[in-house]
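An overview of the molecular structure
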Amino acid sequence: MLVLFGALVVVLLSVWAIRPSGHHEYPVKPITIVIGFNVGGGTDLAGRVLAKELQSVLGVPVLVENQSGNASMDAALTVARSRPDGYTLWFGSIGTLVLKRALGESEVDFFEDMVTAGTVTRLVPAVVVASDSPYQTVQDLIADAQARPGELRWAYAGIRSAFTVQALAFIRANELDVQGVHMPGDGGSPKIPEGIDFSVRNQNSAARFPTTLRVLAGFRDTRTELINTNIPALGELGIQFTQIDSPLGVLMPRKVPEDVRARLEEAIGQAVQSRLFVDGLQSLAFPVVYEASEQVVKTAAEIQINVETLDWLIK
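Residues numbered from 1 in each chain as written. Predicted model: local features only at pLDDT ≥ 70, side-chain atom pairs only at ≥ 80, totals over all residues. Heavy atoms only, no water.

1. Digging into the sheet that holds strand β8 (residues 198-202)
With mixed pairing, the five strands of this open sheet are ordered in space as β7-β6-β8-β5-β9. Edge strands, defined here as strands with exactly one partner in the open sheet, are β7 (179-182) and β9 (213-218). Strand-to-strand, the axes of this sheet are offset by a mean angle of 35°, without reference to chain direction. Bridge analysis of strand β5 (residues 125-130) against β8 gives four bridges, and the strand direction is antiparallel. Paired with V128 across the two strands is S199, which belongs to β8. (Pairing = 2+ DSSP bridges. Helix = DSSP H or I, 4+ residues; strand = E, 2+ residues; numbered from the N terminus. Axes fitted to C-alpha atoms, helices over the stretch in contact; angles between N-to-C directions.)

Here you go:
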């Protein structure tokens, strides 16, 4: 009887050892975060700050892999098709993911193909000019563009990304006849390229590069939602714009086990409270804007509603 009992214990221990990874075992090997932009851009830098803190919280290496293309949708597709074990994650803009799907330019559906472990910051577009630009206000820029149709040039980094589409909506709503120039590295550049009159970039541009860039206005209803409340918001100026939020967060394939997803969400919740994480984002002039998964889904649904108003863009 003792022999049989001992054998049963051995079998049970063997089954326990080979059971699927769960909350208490994950992670046991390096995690890769795939970022869909080149090294040095805002999303890449914020993702690296998060990766470093997650490594500390989870106790395993958290690596960053850059895979640029299609406004980060190529990277999203790579992750959506990866093994759903929690070891391959996507860090990017929920707004761009929802938008690109609506435009038919992404195979990845936020609501069907991915699950989230939370968001940690938010990108807010702003009208940006060179520090030596003659435009002191966004009204100056609009007035000059209207007075000289077809002469002003603006730069955009991602083709029909959330930022680019909001810029197009701003241009359309204010009847500006301006020339768009695609410059893939523009979003993270410390300068406005020569021959370019303005760009639409993250609101932190001037804070990161105060000697070369100036923010004229942020794409928000009130300035309280901006990093620098001395900068006006388009809404308070009565200037028309369309808001497509760009919360940056961690996503993974939908079939990832719930306990693994929950462990990642727990780790992200710990990471955003870390002094090192907060200081890291602040050094980039990024706000810490944390949303747990349930709220992220609600935010994505709101983004979807705003995207659907762009009937001139979505065919």
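Now that the structure has been shown, the text picks up again.
2. Regarding the sheet that holds strand β4 (residues 114-123)
One open sheet holds the five strands; their spatial order is β2-β1-β3-β10-β4, and the pairing between them is mixed. Only two strands of the sheet have a single partner each, and these edge strands are β2 (62-66) and β4. Taking the axes of each pair of neighbouring strands and ignoring which way they run, one obtains an average angle of 25° across the sheet. Across the sheet, helix α3 (residues 73-80) touches β1 (31-35), β3 (88-93), β4 and β10 (246-253), and the angle it forms with β3 is around 150°. On top of the sheet, helix α9 (residues 258-271) reaches β3, β4 and β10; it is set at about 15° to β4, its chief contact. (Contact = heavy atoms within 4.5 Å.)

3. Some words on α3
Three or more residues of α3 are buried, namely M73, A75, A76, L77 and V79. Buried positions along α3 lie against β1, β3, α4 (94-102), β4 and β10. (Buried < 20%, exposed > 50% of the residue type's maximum accessible area, 1.4 Å probe, protein only.)

4. Re the packing of helix α2 (residues 42-58) against helix α10 (residues 275-283)
Pairs of packed helices are described in terms of their axes, by the angle between the two and the distance that separates them. Put simply, α2 and α10 touch, their axes get as near as 10 Å, and they point 170° apart. Taken together, the axes of α2 and α10 lie roughly antiparallel to each other. Each of A46, V49, L50 and E53 in α2 lies in contact with α10, whose residues at this interface are L276, F277, G280 and L281. A class-by-class count of the residues in the contact of α2 with α10 yields six nonpolar, one polar and one charged. (Parallel < 35°, antiparallel > 145°, perpendicular 65-115°, else oblique. Nonpolar A, V, L, I, M, F, W, Y, C, P; charged D, E, K, R; others polar.)

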